[in-house]
Amino acid sequence: MTTAGRVLSVLVLTLAPVLAFAASPAATGAAPAPAATATTGVKPGDVAPDFTLKDLDGVEHTLSRYLAEGKIVVLEWFNPDCPFIVKHHKLHQTMNDTYATLNHKGMVWLAINSGAPGKQGAGLERNKKAQAEYAMPFPLLLDEAGTVGRDYGAKTTPHMFIVGKDGKVAYTGAIDNDNSPTVPGKRNYVISALRALMDGREVPEPVTKPYGCSVKYAN
Amino acid sequence: MLLPAVLALAALTACARAPGDGSAARSDEAARSDEAATIDQDRDGLPALPPVTMSAAAEPGPAAPGATLTLLWTFRPAPGWHLYGNVRNDSGFAPRQRLQLPPGWTAGPLLWPPPARHLSAGDILDHVYEGELVLLQDVAVPVATSPGRVALSARWEWLACRDSCVPGRDSLSVTVDVGSAAAAAAPSARLAGARAKLPRPLPAGLVKVELDGATARIRRTDGQAGNLVFVPALDCGELADALREGAGAELSLRLLPADGRVGPLRGLLLVEGAGPGAGAYVLDVPAVPWTGSTTEMTTNGGRP
């Protein structure tokens, strides 16, 4: 580039004498020291972390086995009592409808609850009841230790991840484009991403901002 | 929404809650009622308050045509509950408003006090309000307004969370008496207090903000100890790790270059601890072109 000057982009907003600048670690309080690692979680293009989790009937589900069968895998972070899950599973049938639309094309959908025991929406009984009430046509897996949720960087319920047949993360983000707790979005990002993957096209928007309640991990 | 405020004078007479609309606990939607019923049971079985109640007021009163009045939208979360700031958060959403004004009336943007950093297990970073939240909003009374009572109303929607989350909504109306200008009244303690909390422009000599390559370095230069907290605005450039880098005695915030540029670094800087500089400030470092790697930038950077 011609712009050596541009490269020297040191921008000083406020220049001031640095005299008795106290950088005492004791003053940092709750703030951890800046770490070299980026925020945890996966982004599109990353190899999807493998996992094995049990559903509510005790049946194990392993990501790599589904991939070996040539499936595309959709992960939905779930908490039956989060208003945004209620929006998409009860007020509207967003999740069930999305699944039904493309299920015949070799897709697996796994709902995952990473809520720790004692937290809102956690536990076998509550989730069994929810699975029946919401007529969920796909497995609901419990991740009470939160390991899988943390591996993926699941922040909200819902938070959607799509793993392509190549085992790589193809999409992370919201189910749709309306973060209201009641109004469904006009654009379903997961359907768009799945259609692209199934047609061998590039996913148009591989990252969107997820919305919802925080995942209720163990402290 | 960013309409300029016009100077003026105005008046409030009453604040009325529209009937039939209420917070989540009073919602007519079955699912929401179920949710609220589940959550609003305190552990000792006593009936709980709705997580958030709202009220509205306007100052000063009465209002003269051509004046500006200030609306005060007050949220009162029950103890333990929080509301979300209108900034970049991992979860939740900030209270949102649908304002209804008479023809010709214009309103300025909502003015937000600084929210507090809030970390949850699982690397979840939010910025929230605990305790009473007052949002201010300037409204211009048109010069041609006829004397009489005018209702200004708004529908609100929010998400309140504690261990769990409950959406809420309310419709509020403020009746303003438009008439002859009264003697200028002093703002109420509530209004003065809310104004005092609003973020201010960054004064000279308090902190040094340096964009060194793709890393923004921020440190205090007023000789006082105390944490700095960066609260990213919704339109801030992407940050590599706001959770770990957003608070400390000094900050090194890595920005993720995108589309050939770095930044902008836009948001609030909270200066904590001692000294007259403690407070909340607006930080707005424009985006700069990005042509290289961090290493090159660091090598070339560092001179004033």
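Up top is the structure these notes are about.
Residues numbered from 1 in each chain as written. Chains lettered and ligands numbered in written order. Predicted model: local features only at pLDDT ≥ 70, side-chain atom pairs only at ≥ 80, totals over all residues. Heavy atoms only, no water.

Chemist: Looking at this model, I keep getting lost on the overall build of chain A. Mind explaining?
Modeler: A tally of regular secondary structure across chain A gives seven helices and 10 strands. Within the span of chain A, comprising 219 residues, buried residues form 51% of the whole. Taking contacts inside chain A between residues at least 6 apart in sequence as the whole, the part at least 24 apart equals 74%. Element-wise, carbon and sulfur atoms account for 54% of the exposed surface of chain A, whose accessible area totals about 9600 Å². (Helix = DSSP H or I, 4+ residues; strand = E, 2+ residues; numbered from the N terminus. Buried < 20%, exposed > 50% of the residue type's maximum accessible area, 1.4 Å probe, protein only. Contact = heavy atoms within 4.5 Å. Areas by Shrake-Rupley, 256 points an atom, 1.4 Å probe, with all protein chains shown as cover.)

Chemist: What should I look at first to understand the environment of B:Glu238 in this one?
Modeler: Residues and elements named next belong to chain B. Residue placement: Glu-238 occurs in the loop between β15 (228–232) and α3 (242–245). Between the C-alpha atom of Glu-238 and that of Trp-158, which follows or precedes it by 80 residues, the distance is 25 Å. With residues near it in sequence (within four places) discarded, Glu-238 still touches Arg-88, Arg-254, Leu-255 and Leu-256.

Chemist: What should I look at first to understand the pattern of salt bridges in this one?
Modeler: Side chains carrying opposite charge are able to pair once their charged atoms draw close together. Residue and element names in this part refer to chain B. Applying the stated criterion to the full structure yields 18 salt bridges over all chains. Note that Glu-132 is salt-bridged to Arg-190, the shortest N-O span being 3.0 Å. Taken together, the residues Glu-132 in the loop between β8 (124–130) and β9 (133–140) and Arg-190 in helix α2 (residues 189–197) connect sequence positions 58 residues apart. A salt bridge links Asp-212 to Arg-217; the shortest N-O distance between them is 3.5 Å. (Salt bridge = Lys/Arg side-chain N within 4 Å of Asp/Glu carboxyl O.)

Chemist: Looking at this structure, I do not really get the sheet that holds strand β3 (residues 60–62) of chain A. What am I missing?
Modeler: Residue and element names in this part refer to chain A. A sheet is described by the order of its strands in space; here seven strands give the open sequence β3-β2-β6-β5-β4-β8-β9, paired in mixed fashion. The two strands at the open ends of the sheet, each matched to only one other strand, are β3 and β9 (169–173). Here the strands of the sheet are splayed against their neighbours by 30° on average, with no regard to which way each runs. The pairing of strand β2 (residues 52–55) with β3 spans three bridges and is antiparallel. The residue of β3 that forms the bridge with Leu-53 is His-61. Against the sheet, helix α7 (residues 189–199) contacts β4 (72–77), β5 (107–113), β8 (160–163) and β9, and its axis sits at roughly 5° relative to β8. (Pairing = 2+ DSSP bridges. Axes fitted to C-alpha atoms, helices over the stretch in contact; angles between N-to-C directions.)

Chemist: Hey, could you run me through the state of the cysteines in this one?
Modeler: What makes a disulfide is a covalent bond joining the sulfur atoms belonging to two cysteines. Residues and elements named next belong to chain A. Across all of its chains, the model carries two disulfides over all chains by this definition. Two residues, Cys-82 and Cys-213, share a disulfide whose sulfurs are 2.2 Å apart. Every disulfide takes its handedness from the sign of the S-S torsion; for Cys-82 and Cys-213 that torsion is 90°, giving right-handed. Linking Cys-82 in the loop between β4 and α3 (83–91) with Cys-213 in strand β10 (residues 213–214), this pair joins segments that are 131 residues apart in sequence. (Disulfide = S-S within 2.5 Å.)

Chemist: What is the right way to look at the packing of aromatic side chains in this model?
Modeler: Working definition: an aromatic ring pair is given by the centre-to-centre distance plus the angle between the planes. According to the stated counting rule, one finds 13 aromatic pairs over all chains in the structure shown. Considering the side-chain rings of A:Trp77 and A:Tyr152, the 5.9 Å spacing of their centres and the 40° angle between planes classify their relative orientation as tilted. With A:Trp77 in strand β4 and A:Tyr152 in helix α6 (residues 147–152), this pair connects stretches of sequence that are 75 residues apart. Exposure class is identical for A:Trp77 and A:Tyr152. Each is buried. Between A:Phe84 and A:Tyr211, the aromatic rings sit 5.8 Å apart at their centres with planes inclined by 75°, giving edge-to-face as the arrangement. Placement of the pair is A:Phe84 in helix α3 and A:Tyr211 in the loop between α7 and β10, with a sequence separation of 127 residues. Per residue, the accessibility class of A:Phe84 equals that of A:Tyr211, and both read buried. Here the guanidinium or amino end of B:Arg96 rests over the ring plane of B:Phe93, the centre of that ring lying 3.9 Å away. (Phe/Tyr/Trp six-rings, centres within 6.5 Å; stacked < 30°, edge-to-face > 60°. Lys NZ or Arg CZ within 6 Å of the ring centre and 35° of its normal.)

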